[in-house]
Amino acid sequence: MERQKAMAVIEAVLFTMGESVEISRLADVIEEDVKTTKAILKEMEETFQGEERGIGLTYFENAVQLCTKAQMYEYLIRIAKAPRKMTLTETVLETLSIIAYRQPITRVEIERIRGVSCDHAINKLLEYDLISELGRLDAPGRPLLFGTTEQFLRCFGVGSLEELPELNPVQLEEFKQQAEAEVQLQLDI
């Protein structure tokens, strides 16, 4: 394999893995021996050090990891401390409503109510810490149970689930019609 391509492959592997990778495994990937792979890593390390780059290589016995340079720490803190902006789409809000009013609830039950897949919405809600996994249902397949979190209560300004407004039958019917319209839209696509 051409040297530049080997460097690119190693960089991609180390970036994607996010943890140390044995040098022998990197050698297998680029189809070289360990000695040649070490030389390529040394060259990469020199490139990272010689240029104004935010990354470098860190060695652990017979493994190597792509890491952020220590002098970048202050900049990382600035972004890490910045609050994440929470964007709740209509679909995510509908899913959250179902979980809030029916918890503990499984993904299958949520999808049965909405009539469409809710993987993306559940992942967003977990990411925003508005819901959490409460355990597993004692049923075949042992599906995960979801429920709201303390963060959910804070974000929506309620002290407990009992303070949530009651849903009236008209609202429930509107939710059902919206879910059916979504299903039809997906079938048309």
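Above this text you will find the structure in question.
The structure displayed is predicted, hence computed values, not measured ones. Per chain, the residues get numbers from 1 upward, laid out in the order the sequence is written. Confidence filtering applies because this is a predicted model: local features only for residues at pLDDT of at least 70, side-chain atom pairs given and counted only at 80 or more, and all residues used for totals across whole chains, interfaces and linings. Heavy atoms throughout the structure, all of them, feed into the side-chain values; hydrogens and water do not.

Q: Give a detailed account of the pattern of salt bridges, specifying residues and quantitative values.
A: What makes a salt bridge here is a side-chain nitrogen of Lys or Arg within 4 Å of a carboxyl oxygen of Asp or Glu, nothing more. With the rule as written, the count across this model stands at eight salt bridges. Between E94 and R114 there is a salt bridge; the shortest N-O distance is 3.3 Å. Of the two residues, E94 is situated in helix α5 (residues 90-102) and R114 in helix α6 (residues 107-114); the sequence distance between them amounts to 20 residues. For E94, a relative accessible area of 8% corresponds to the buried category. Residue exposure (1.4 Å probe, protein chains only): buried if accessible area is under 20% of the type maximum, exposed if over 50%, otherwise partly exposed. According to the relative accessible area criterion, R114 is buried, its value standing at 2%. Between K124 and E127 there is a salt bridge; the shortest N-O distance is 3.5 Å. In this pair, K124 and E127 are both assigned in helix α7 (residues 119-127), three residues apart and thus about one turn of the helix distant. In this description a helix means any DSSP run of H or I spanning at least four residues, a strand means any run of E spanning at least two, and both kinds are numbered starting from the N terminus.

Q: Let's hear about the sheet that holds strand β3 (residues 63-68): which residues, and what values?
A: To summarise the sheet geometry, strands pair through backbone hydrogen bonds and adopt either a parallel or an antiparallel arrangement. Any two strands between which DSSP finds at least two bridges are classified as paired. Pairing within the open sheet is antiparallel, and its three strands lie in the order β1-β3-β2. Looking at strand neighbours, the two that pair on one side only are β1 (21-22) and β2 (55-60), the edges of this open sheet. Where β2 lies against β3, six bridges are found, and the strand directions are antiparallel. Of the residues in β3, the one forming a bridge with Y59 is V64.

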